[in-house]
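Okay, here's what each chain looks like letter by letter:
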Amino acid sequence: MSAGSPDDLFKLFDLEDDEQPAPPGQEAEFDPSRPAPEPAGDTAESWSRVVGNAELVGVMKAFVTHATPRHHVLVYGSNRSGKTFTIHTALKAKFCRARRENLDPCNRCKSCRTWEAGGWERVAHYRNREGRDFRYYAIDGTNPSTFDEDLICRYRDRSCPLVLYVDEVSHPEFIRLMPRLIKPMTETPMTIVASGVRLGPRKDAVTGLRSPGLSKDFVYRFARLVRTSAPADGDFLRWLRAE
């Protein structure tokens, strides 16, 4: 096994016996001298920072507490409409070991620190508040080299389901990889959350050439499809002012 492989990274995030999730309804004890890390660029420290797209917020909050693999979610909409920001916030909250009753991440536990340290863009291992283990893997749809077919298509650990986030799912580079994901979506213990600008074919603004969109076989395997829209001016200003 080569250094830097997904399995090597997985070992870096082993669980610590003294960092167990807080019992339901109770807050974990934290060292008050330890400052909360700064949120990653596309992650909120609280759901109150997520504005607009009420349907997406509702679906992703349900995802936070959903325990069943293969409850896939596909999000699509224009650029800068809050897709990644909302999804990252939900993923951080899902993995948090001391998640609040309102589903806000605690921003201080090991899972939150791992996420803020870059766990959102690589392979990582998390244990959440309910004591469930997850293996997380992110795919950049614009870069095929981030697609680890051996990990995704042959993953079989049902005690530690895989949570797979695919960004730019409608990009032509990912479209070429898409057929290899269809079978694992129904056979592998994993949940896919995917986001992209559109579902159908796209036309290149420069060349005028059309590239295919997502196949029906792929789209039909998602339990929820959510379309986003750019936030209203008032919501956007509120977000800028961090209200």
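Reading the values: rules and limits
Residues numbered from 1 in each chain as written. Predicted model: local features only at pLDDT ≥ 70, side-chain atom pairs only at ≥ 80, totals over all residues. Heavy atoms only, no water. Helix = DSSP H or I, 4+ residues; strand = E, 2+ residues; numbered from the N terminus. Buried < 20%, exposed > 50% of the residue type's maximum accessible area, 1.4 Å probe, protein only. Contact = heavy atoms within 4.5 Å. Areas by Shrake-Rupley, 256 points an atom, 1.4 Å probe, with all protein chains shown as cover. Pairing = 2+ DSSP bridges. Axes fitted to C-alpha atoms, helices over the stretch in contact; angles between N-to-C directions. Phe/Tyr/Trp six-rings, centres within 6.5 Å; stacked < 30°, edge-to-face > 60°. Lys NZ or Arg CZ within 6 Å of the ring centre and 35° of its normal.

Q: What's the story with the overall build of the protein chain in this structure? I'm lost.
A: A count of helical and extended segments in the protein chain gives nine helices and eight strands. Across the 243 residues that make up the protein chain, the buried fraction comes to 47%. Taking the contacts inside the protein chain whose residues are at least 6 apart along the sequence as the reference set, 75% of them involve residues at least 24 apart. Carbon and sulfur atoms make up 49% of the accessible area of the protein chain, which amounts to about 12,200 Å² in all.

Q: Help me out: how do you make sense of the sheet that holds strand E8 (residues 224-228) in this one?
A: Pairing between sheet strands relies on hydrogen bonds along the backbone, with the strands arranged either parallel or antiparallel. Taken in spatial order, the six strands of this open sheet run E2-E3-E4-E5-E1-E8, and their pairing is mixed. A strand with exactly one partner marks an edge of an open sheet, and here the two such strands are strand E2 (124-127) and E8. When strand polarity is set aside, the average angle formed by the axes of neighbouring strands in this sheet is 20°. Bridging between strand E3 (residues 133-140) and strand E4 (residues 162-167) involves six bridges; their strand directions are parallel. Looking at E4, one finds that Asp140 is bridged to Asp167. Running at roughly 165° to E4, helix H3 (residues 83-95) makes contact with strand E1 (73-77), E2, E3, E4, strand E5 (190-196) and E8 of the sheet. Packed onto the sheet, helix H7 (residues 179-187) meets E4 and E5 and runs at close to 140° relative to E5.

Q: What's the story with the pairing of E3 in this structure? I'm lost.
A: On any regular strand, side chains alternate: one points to one face of the sheet, the next to the other face. Among the eight residues that make up E3, seven are buried, leaving the element largely enclosed by the rest of the structure. When E2 meets E3, the two strands line up antiparallel, connected through four bridges. Residue Ala124 lies in a different strand from E3, and its bridge partner there is Tyr136. Between E2 and the antiparallel strand that follows it, E3, lie five residues; Gly131 among them carries a positive phi value of about 85°.

Q: Whenever I open this one, the packing of aromatic side chains confuses me. Can you help?
A: Here the distance between the centres and the angle between the planes together describe a pair of aromatic rings. Tallied over the full model, the rule gives nine aromatic pairs. Feature note: the residues Phe95, Trp115, Tyr126, Phe134 and Tyr136 constitute an aromatic cluster, connected by ring pairs. One cation-aromatic arrangement involves Lys94 over Phe63; the distance from NZ or CZ to the ring centre is 4.6 Å.

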